[in-house]
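As a plain string of letters, each chain reads:
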Amino acid sequence: MQLLSLLVHGSLLFTRPNLAQESSCSAFDVREASIDTIHDALYGGLTTCRGLTEKFIARIQAYNPLINAIITLNRDALSIADTLDLALAAGNATGSLFCIPILVKDNYDTTDMKTTGGCLDLADSQPTHDAPVVVALKRAGAIILGKTNLHELALEGLSVSSLGGQTINPYDLSRTPGGSSGGTGAAIAASFAVFGTGTDTVNSLRSPASANSLFSMRPTRGLISRSGIIPISYTQDAIGPITRNVNDLAIALNVMASIGYDPNDNVTALLPPSSVGADYSTVGVVGSLRSVRLGLIETFFNRTDSEETSPVIAAVNAAVSSLTAAGATIVPISSSVYNSSAILEAYDTQKYEFRQEMNEYLARSSLHGEHPPSLDDLYKSKRFLVIPAQYSYVNTALLSSTDNATYATRKLGIQNLILALQTTFKEHSLDALIYPEQANLVVKIGAASQSGRNGILAAVTGFPVVTVPAGFSPATAEAPVGVPIGMEILGLPWNEAKLLSIAKTVSEVRRVRKMPVLTQEPVHASSMEEVPVIIPNTKNMPISYPAGIL
Ligand SMILES: *[C@@H]1O[C@H](CO)[C@@H](O)[C@H](O)[C@H]1NC(C)=O
Ligand SMILES: *[C@@H]1O[C@H](CO)[C@@H](O)[C@H](O)[C@H]1NC(C)=O
Ligand SMILES: *[C@@H]1O[C@H](CO)[C@@H](O)[C@H](O)[C@H]1NC(C)=O
Ligand SMILES: *[C@@H]1O[C@H](CO)[C@@H](O)[C@H](O)[C@H]1NC(C)=O
Ligand SMILES: *[C@@H]1O[C@H](CO)[C@@H](O)[C@H](O)[C@H]1NC(C)=O
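Residues numbered from 1 in each chain as written. Chains lettered and ligands numbered in written order. Predicted model: local features only at pLDDT ≥ 70, side-chain atom pairs only at ≥ 80, totals over all residues. Heavy atoms only, no water.

In the annotation of an unreviewed UniProt entry, the protein is listed under the name Amidase domain-containing protein and assigned to Heterodermia speciosa.

Written out as structure tokens, the structure is:
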């Protein structure tokens, strides 16, 4: 508790970055940098790939002690940058992500770094193959700077883990960054890299985007192969990018979706011809939303007036007003089908699928390094953080399987929900549904669980969602620009391009994103001999978890 209050009240653990003047030859400012601004600077000779990489690493060195978003840095990042500088000099710069520094959630298999899921018992787990999506990112020229913290094994939304400690929201040090991809959310908000990746089983790409004023894409089930990612649920798992703008989201999606059909993840067989090799990066500004019809899910708000809920209503109302001003037609949807807690209770499949999926992941012969051979062993090791709200979930998962009769009932229920959703679209001729990702502000550090989130609708149905910044709560002493609030835009399957173009217009007609004040000072990067070692702060656990669990 004492450590928490030090963190929350800031200054003691916050070492001020070196703000010395930067030399003019490296004047490029990496804060809020996009793929395009980096390529312009790089190809225009304003910076080198190594210079860029050093600048992002310097930001991580300066600010990670404040937000604790990183589990590990890539020892090879600077030598990869040097190789890319040579390629550039030889006129060989190719790839849509050429020299784009990125961060990857630490549940993506990487051969050059351990893949831990934030779990102490997986601290030495070493994949010998990159996940196909990691291969695609590297092939496109991206430099993976490191791996980000997450909620332990992506099982909740507080972003606290036994190996990575508690990640902190850069907009408000008293709050969580959402989750489970909260390390990526906090890191990208603080400009530790150009973009990052996440995974999403219920809310996990959308909650961190919402809580950090970022964009994310949860793709249609089957668009991006999930093989080589620490799994939870065959039905609900999805992976995607988290970015600071819509263009980067589209470019990152292009690369991640370029894998196409992958026999190791059979849901990719669902990919329709129209989505094979689709180019999402060409989405322009629609300019007007005159022909666009958006259903606003009224039941996804919490109308109890409070400091945690009213700012969400205000922000989404403001977003809706700008959409209306841009010509969109808003259709209120208030069917009782759209009740997030009821959907979660009735249809969530995680506890039936988790053990089987995880056992397969852990038993692969390509997984080297010391690691438990099964979920049971992992759990028995006690080197695994379960927050109190998860005890019954994990205990049930250890006994359940897809053979349980109730699993089949749930899968059938999901088919009905998909039909209900398709019917809502047809009945009102909708292009998309909109609603707040979270009906209240992202919870404070030390809360028992994340609350009020609406991610389950897309998670069980597999419909795609773009999350966009909708606004901020009023500024307070703890949150100098307010707490970010995000909105989900959910579309029909394989409608990623349409969602991106709606999101692009939304982001043009209403510029919401702001840098977090607490990490906004530029950081001077002196030339680096080697990539520094980052040690996550595990002494900052928000509450003392009962003995024997960790
Ligand atoms: C540039 O590309 C050519 C042709 O692929 C290759 O032979 C050469 O080694 C490359 N040079 C660098 C520095 O990457
Ligand atoms: C698809 O993959 C899942 C998980 O590996 C497996 O349980 C299922 O039987 C497969 N289905 C088909 C039709 O191959
Ligand atoms: C709605 O918000 C109020 C005030 O923050 C809170 O007490 C209540 O638990 C919330 N209701 C739901 C269903 O989350
Ligand atoms: C939503 O579902 C929950 C859980 O089943 C239930 O307690 C609640 O009353 C429902 N809310 C509405 C508005 O129907
Ligand atoms: C699945 O069946 C097992 C064995 O009967 C039982 O212990 C477990 O609680 C069931 N799981 C669920 C989620 O119903």
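## Here we look at the overall build of the protein
Helix and strand counts for the protein come out as 16 helices and 15 strands. Relative to its length of 550 residues, the protein is compact, with a C-alpha radius of gyration of 22 Å against a globular reference of 24 Å. Taking the principal axes of the C-alpha coordinates as reference, the protein spans close to 60 × 55 × 50 Å. Within the protein, the fraction of its 550 residues that count as buried is 61%. Pairs at least 24 residues apart make up 79% of the contacts formed inside the protein by residues separated by at least 6 positions. (Helix = DSSP H or I, 4+ residues; strand = E, 2+ residues; numbered from the N terminus. Rg over C-alpha atoms; globule rule 2.2 N^0.38 Å. Buried < 20%, exposed > 50% of the residue type's maximum accessible area, 1.4 Å probe, protein only. Contact = heavy atoms within 4.5 Å.)

## Observations regarding the site of ligand 1
Every residue lining ligand 1 is accounted for by Leu86, Ala87, Ala90 and Asn92. Between ligand 1 and Asn92, the relevant distance is 2.2 Å, taken from an oxygen atom to a side-chain nitrogen or oxygen of the residue. For ligand 1, whose accessible area on its own is 360 Å², the fraction buried by protein is 28%. When the residues that make up the shell around ligand 1 are grouped by side-chain class, the tally is three nonpolar, one polar and no charged. (Near = heavy atom within 4 Å. Polar contact = N/O pair within 3.5 Å; in protein donor to acceptor, adjacent residues only side chain to side chain. Areas by Shrake-Rupley, 256 points an atom, 1.4 Å probe, with all protein chains shown as cover. Nonpolar A, V, L, I, M, F, W, Y, C, P; charged D, E, K, R; others polar.)

## With respect to helix H8 (residues 246–257)
Over its 12 residues, H8 extends 16 Å from the first C-alpha to the last, a length consistent with the 16 Å expected when each residue adds 1.5 Å. Counting buried residues along H8, 11 of its 12 residues qualify, which places the element largely inside the surrounding structure. Listing the buried residues of H8 in full gives Val246, Asp248, Leu249, Ala250, Ile251, Ala252, Leu253, Asn254, Val255, Met256 and Ala257. Capping of H8 at its N-terminal end is provided by Asn245; its side-chain oxygen lies 3.1 Å from the backbone amide nitrogen of Asn247. (Expected span 1.5 Å × (residues − 1).)

## So, the packing of helix H3 (residues 49–67) against helix H4 (residues 77–89)
At their nearest, the axes of H3 and H4 sit 8 Å apart, and the two run at 155° to each other. Between H3 and H4, the interaxial angle falls into the category roughly antiparallel. Contact residues: H3 offers Cys49, Arg50, Thr53, Glu54 and Ile57, while H4 offers Ala77, Leu78, Ala81, Asp82, Leu84 and Asp85. Along the lines of polarity and charge, the residues of the contact of H3 with H4 split into six nonpolar, one polar and four charged. (Axes fitted to C-alpha atoms, helices over the stretch in contact; angles between N-to-C directions. Parallel < 35°, antiparallel > 145°, perpendicular 65-115°, else oblique.)

## Description of the packing of aromatic side chains
All chains considered together, the criterion is met by six aromatic pairs. With 5.8 Å between their ring centres and 55° between their planes, Tyr171 and Phe472 make a pair best called tilted. Here the residue Tyr171 occupies a position in the loop between strand S6 (165–166) and helix H6 (182–189), and Phe472 occupies one in strand S14 (residues 465–472), the gap between them amounting to 301 residues. The same class applies to Tyr171 as to Phe472, namely buried. Both rings, one in Tyr379 and one in Phe384, keep their centres 5.9 Å apart while their planes meet at 80°; by these two values the pair is edge-to-face. Note on Phe384: relative accessible area 2%, which makes it buried. One residue, Arg303, lies across the ring of Phe301, its end atom 4.4 Å from the ring centre. One cation-aromatic arrangement involves Arg364 over Tyr361; the distance from NZ or CZ to the ring centre is 4.0 Å. (Phe/Tyr/Trp six-rings, centres within 6.5 Å; stacked < 30°, edge-to-face > 60°. Lys NZ or Arg CZ within 6 Å of the ring centre and 35° of its normal.)

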